[in-house]
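Understanding the architecture of this molecule
Chain by chain, the residues:
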Amino acid sequence: MSIEARNITKRFGAFTALDQVDLKIESGELVSLLGPSGSGKTTLLRIIAGLEHPDSGTVHFNNANATHLPVAQRKVGFVFQHYALFRHMTVEKNISFGLRMLPRSKRPSRHKVAERAAELLSLVQLEGMGGRYPSQLSGGQRQRVALARALAVEPRVLLLDEPFGALDAKVRKDLRKWVRQLHDELHITTVFVTHDQEEALEISDRVVVMNHARIEQIGTPQEVYDQPATPFVFRFLGKVNAVKGGLAGPTPVPDELDARHDSLAFVRPHDVEVLRYPNGSPTLAATVEHTNAAGSVARLDLRLRATGELLEVELPRARHAELDLKPGEAAYVKFKKVRTFPAADAAFASEPADAA
Amino acid sequence: MAGIATTLIRTRLVAANRPLTGDPAWIRWLVMSVGITFLVVTLFIPLVAVFTEALRHGLAAYFASFTDPDALSAIRLTLFTAAISVPLNLVFGVAAAWAIAKFQFPGKSLLISLIDLPFAISPVVAGLIYVLMFGAQGWFGPWLHAHHIKIIFAVPGIVLATIFVTFPFVARELIPLMESQGDTEECAALILGATGWQTFWYVTLPNIRWGLLYGVILCNARAMGEFGAVSVVSGHIRGLTNTMPLQVEILYNDYNFVAAFAVATLLALLALVTLVLKRLVEWHASRQEDSTQGALS
């Protein structure tokens, strides 16, 4: 089922959670809403679910206006960050809750309900755990029960609110791979809220980057990573160096940087080329401050001589070994790929709250 | 490292054998005996006295006290009053706690203060409020008289006064519990298609059952034992408007000590049963609390 949010605005007192947001999610897509806390992503999800009502704007399911449809009739599956399992019910009762609450005329037989619960238990790989209580499960198991419970009612849409936020890194990685696989099997339209860019880039068909109650950019993971529309997206998705425009002296970067003195150049650490000697083409002179080759790539901290700015660089280990740069030595850099933004825009996007 | 750990453990073992504060033994004994003496004098001796006085002339005289029609009527009235006021306060308490814990609305803090009012106010004043409203000289007195409705010096007044006094027990017990539980389970139930009533019945109620039972037990104990407010509105008509606590007072004033203490033993037994039940519920609730915390961690 396709979901469309049209011109949604939502305020909580003086705080604006969503400011005229438009979003269209196609049927069968897995879309993540990515942004720092307070960016409005969870509010948007809760409005789609019907747990909150927009101050203005409308929500459409399959092009039908669902803005005033009560929660119970929306047929959405929702997974909460802290599981929200019914603590006094066994896993099986939790999973079958939605079926057992159906009006008598639509309710499947006891036998059918038990069968469906068993089916879902095996889908989430928790066979034989039906008799346990939520308190007897690990965090990852609880979240899988929550997912099974949401899927039991055959929802038209699956909404996940930071589903792995409360889990440790290892479980989180396993679960998100598994959610992606599950989505590929079931093809259910899925909206996924997260503040973890790695998570969003790894599992989504499209990523919606949000900041300050607005959508900054919508695109495939590769689009938002390679062609960030705004300085905020640039900073939020992965590491980036922001270098002042108007560099003194001969500049090795695209001409536009040179021309605009009030702009910032954004360059990713792996888009910097490092040379031992200037090779004729325009380069920037720098001093090596620190090197670290532990890890899949080598990391260098270089201080630009012209502006005194620190540049983080990532090099393939082979290239690093070849250069053999030591702290204190001189180096010359070229930017393979750079984008400039007016300094005013860039300053607005500084320090996203939890870009980690 | 291992050396440090061993030293730590040894220090702890030594510490466990010594009192934490390091006060001399005689001070500890003094503090403890003061506490125990106080308990014996104010609680234990009176309790024993109630039973010894009641049984002073033997079991026959003790049981004979309960065959007195006035005593029987007092017992019936007390049970009747509790049977009305406890369920009403249960429903009210759950509704109020639900509203306060799960919703935001203007006047919420005022409602919380109002729920506490019966605790803050003297029961005698509570009784007087009803006399002022429904008594012969009260606001609604003439109208009630004209329609032959009797509230003051009759059973309805006693029930009203009891409801007022026992008003906060259930709500007070539930509000913090429901607030700590939050509303995500309810949200989850609604999203899964449950109606509001199903959500309450299958999700909210099971989560608060022990707190609810605890509140009901306390509410019941107070409803049966209330003296002040009921005394003001009762009129002390023997065999008609005397509850058990009032009956004890009347018998005592009549120098009918055995009967007075016999009825008092019933109230004392009620208190003991309440304590045992309360303890049981607390035990269950703490077990549930453990599993809840497990679910959150």
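This text gives an overview of the structure that appears in the document. By convention here, each chain's residues receive numbers from 1 onward along its written sequence. Chain letters and ligand numbers both follow the written order, the letters beginning at A and the numbers at 1. Predicted model: local features are reported for residues with pLDDT of at least 70 only, side-chain atom pairs are reported and counted for 80 or more only, and whole-chain, interface and lining totals are derived from all residues. In computing side-chain properties, one takes all heavy atoms of the structure into account and sets aside hydrogens as well as water.

Take the packing of helix H4 (residues 69-102) of chain B against helix H11 (residues 196-225) of chain B next. The relative placement of two packed helices is expressed as an angle between their axes plus a distance between the axes. All names here are of chain B. It is at 9 Å that the axes of H4 and H11 come closest, and there the two elements cross at 140 degrees. The orientation of H4 with respect to H11, classified from their angle, is oblique. Note on packing geometry: the crossing formed by H4 with H11 is right-handed. Across from Thr78, Leu79, Ala82, Ser85, Val86, Asn89, Leu90, Val94 and Trp98 in H4, the residues of H11 making contact are Phe200, Thr204, Leu212, Val216, Cys219, Asn220, Ala223 and Met224. Between N-to-C directions, angles cover 0 to 180 degrees, with each direction set by a line fitted to C-alpha atoms, over the stretch in contact for helices. Numbering of helices and strands runs from the N terminus, with a helix taken as a DSSP run of H or I at least four residues long and a strand as a DSSP run of E at least two residues long. Roughly parallel here means an angle under 35 degrees, roughly antiparallel means over 145, roughly perpendicular means 65 to 115, and every remaining angle is called oblique. Helix crossings fall into two classes, left-handed where the near helix is turned counterclockwise from the far one by less than a right angle and right-handed where it is turned clockwise. Contacts: residue pairs with any heavy atoms within 4.5 Å of one another.

Bringing the environment of Thr42 of chain A into the picture now. All names here are of chain A. On the secondary structure map, Thr42 appears in helix H1 (residues 41-49). Through-space distance from the C-alpha of Thr42 to that of Glu4 is 16 Å; in sequence the pair is 38 residues apart. For Thr42, the residues in contact, after removing those within four places along its chain, are Asp161 and Val193.

Here the focus is the sheet that holds strand E13 (residues 272-275) of chain A. Residues and elements named next belong to chain A. Any two strands with at least two DSSP-identified bridges between them are counted as paired. In space, the five strands of this open sheet follow the order E13-E17-E14-E15-E16, with antiparallel pairing throughout. Edge strands, defined here as strands with exactly one partner in the open sheet, are E13 and strand E16 (310-315). Ignoring strand direction, the axes of neighbouring strands in this sheet form an average angle of 45 degrees. Sheet topology note: the strand E14 (residues 284-292)/strand E17 (residues 330-335) ladder contains four bridges and is antiparallel. Considered in E17, the bridge of Thr287 is made with Ala330.

Take the nonpolar core next. Residues and elements named next belong to chain A. Core analysis: the biggest nonpolar cluster contains 42 residues, and Phe97 and Leu159 have the highest contact counts within it. Here the element with the most residues in this core is H1; it accounts for five residues. Setting aside residues no more than four positions away along its own chain, Leu159 makes contact with Leu45, Ile48, Ala49, Val76, Gly77, Phe78, Val79 and Val191. Residues grouped as a nonpolar core are buried Ala, Val, Leu, Ile, Met, Phe, Trp, Tyr and Cys residues, joined through side-chain atoms within 4.5 Å. Think of it in three bands: with a 1.4 Å probe and only protein chains considered, a residue is buried below 20% of the maximum accessible area for its type, exposed above 50%, and partly exposed in between. By size, the runner-up hydrophobic cluster in this structure holds 31 residues, among which are Val79, Leu85, Val124 and Ala146.

On to the packing of aromatic side chains. Stacked, tilted and edge-to-face pairs are distinguished by plane angle, under 30 degrees for stacked and over 60 for edge-to-face with tilted covering the rest, among Phe, Tyr and Trp rings (Trp via its six-membered ring) whose centres lie within 6.5 Å. Applying the stated rule across the entire model yields 19 aromatic pairs over all chains. Pairing Phe86 of chain A with Phe97 of chain A gives two aromatic rings, centres 4.5 Å apart and planes at 50 degrees, and the pair type is tilted. One end of the pair, Phe86 of chain A, is in the loop between strand E6 (76-79) and helix H2 (91-100); the other, Phe97 of chain A, is in helix H2, and 11 residues separate them in sequence. Across the pair, exposure class does not vary: Phe86 of chain A and Phe97 of chain A are buried alike. When the centroid spacing of 5.2 Å and the interplanar angle of 85 degrees are considered together, the rings of Phe119 of chain B and Phe169 of chain B count as edge-to-face. Placement of Phe119 of chain B in helix H5 (residues 108-120) and of Phe169 of chain B in helix H9 (residues 168-181) is noted, with a sequence separation of 50 residues between them. Think of it as a cone above the ring: NZ of Lys or CZ of Arg counts as a charge over the ring if it is within 6 Å of the ring centre and within 35 degrees of the ring normal. Lying over the aromatic face of Phe86 of chain A, Arg149 of chain A brings its terminal NZ or CZ to 4.6 Å of the ring centre. Above the face of the Tyr225 of chain A ring, Arg268 of chain A is positioned so that its terminal group lies 4.2 Å from the ring centre.

What follows is about the interface of chain B and chain A. Taken residue by residue, the interface counts 23 residues in chain B and 22 residues in chain A. Of the roughly 2,000 Å² buried where chain B meets chain A, counting both sides, 65% is carbon and sulfur surface. The salt bridge criterion pairs a side-chain nitrogen of Lys or Arg with a carboxyl oxygen of Asp or Glu, the two atoms within 4 Å. One can count one salt bridge joining chain B with chain A. As a salt-bridge pair, Arg87 of chain A and Glu185 of chain B come within 2.7 Å of each other at their nearest N and O atoms. Here a polar contact is recorded for every N or O atom pair within 3.5 Å, except that within protein the pair must consist of a potential hydrogen donor and a potential acceptor, and residues adjacent in sequence are included only if both atoms are side-chain atoms. Applying the counting rule to chain B against chain A returns four residue pairs in polar contact (both at pLDDT 80 or more). Listing elements by their share of the side of chain B that touches chain A, those giving two or more residues are helix H10 (184-191), H11 and helix H14 (257-296) of chain B. Looking at the side of chain B that touches chain A, the element that brings in the most residues is H10 of chain B, giving seven residues. Grouping the amino acids of the side of chain B that touches chain A by side-chain chemistry returns 12 nonpolar, nine polar and two charged. Accessible area that two parts lose when put together, with a 1.4 Å probe and added across both, is what the buried area reports. All amino acids are sorted into three groups, where Ala, Val, Leu, Ile, Met, Phe, Trp, Tyr, Cys and Pro are nonpolar, Asp, Glu, Lys and Arg are charged, and the leftover types, Gly among them, are polar.

Close approach of charged atoms allows side chains of opposite charge to pair. Applying the stated criterion across every chain yields a total of 30 salt bridges over all chains. Put simply, Asp205 of chain A and Arg180 of chain A hold a salt bridge, and the shortest N to O gap is 3.1 Å. A residue pair is termed long-range when its members are at least 10 positions apart, and Asp205 of chain A in the loop between helix H6 (197-203) and strand E9 (206-211) and Arg180 of chain A in helix H5 (residues 169-186) qualify at 25 residues. For Asp116 of chain B, the salt bridge is made with Arg172 of chain B, and the minimal N-O distance between the two is 2.7 Å. Here the residue Asp116 of chain B occupies a position in helix H5, and Arg172 of chain B occupies one in helix H9, the gap between them amounting to 56 residues.

A few words on a nonpolar patch on the surface. By definition, no residue in a patch forms a salt bridge, and every one has over 30% relative accessible area; like charges are joined within 9 Å, nonpolar side chains (Val, Leu, Ile, Met, Phe, Trp, Tyr) within 5 Å. Accessible surface area values rest on a Shrake-Rupley calculation with a 1.4 Å probe, where residue burial reflects the displayed protein chains alone. There is a patch of nonpolar side chains on the surface, built from Trp29, Met32, Ile36, Leu39, Val40, Val41, Leu43, Phe44, Ile45 and Val48 of chain B and spanning about 990 Å² of accessible area. Turning to its location among the elements, Val40 of chain B is positioned in helix H2 (residues 25-54).

So, on to unusual backbone geometry. A negative phi angle is the norm for most residues apart from glycine, just as the trans form is the norm for most peptide bonds. Unlike most non-glycine residues, Asn7 of chain A shows phi in positive territory, near 55 degrees. Its place among the elements puts Asn7 of chain A in strand E1 (residues 3-12). Take Asn7 of chain A: its relative accessible area is 38%, and that puts it in the partly exposed class. The backbone of Phe153 of chain B sits at a positive phi, close to 60 degrees, despite the residue not being glycine. With respect to the helices and strands, Phe153 of chain B occurs in the loop between helix H7 (141-146) and helix H8 (155-166).

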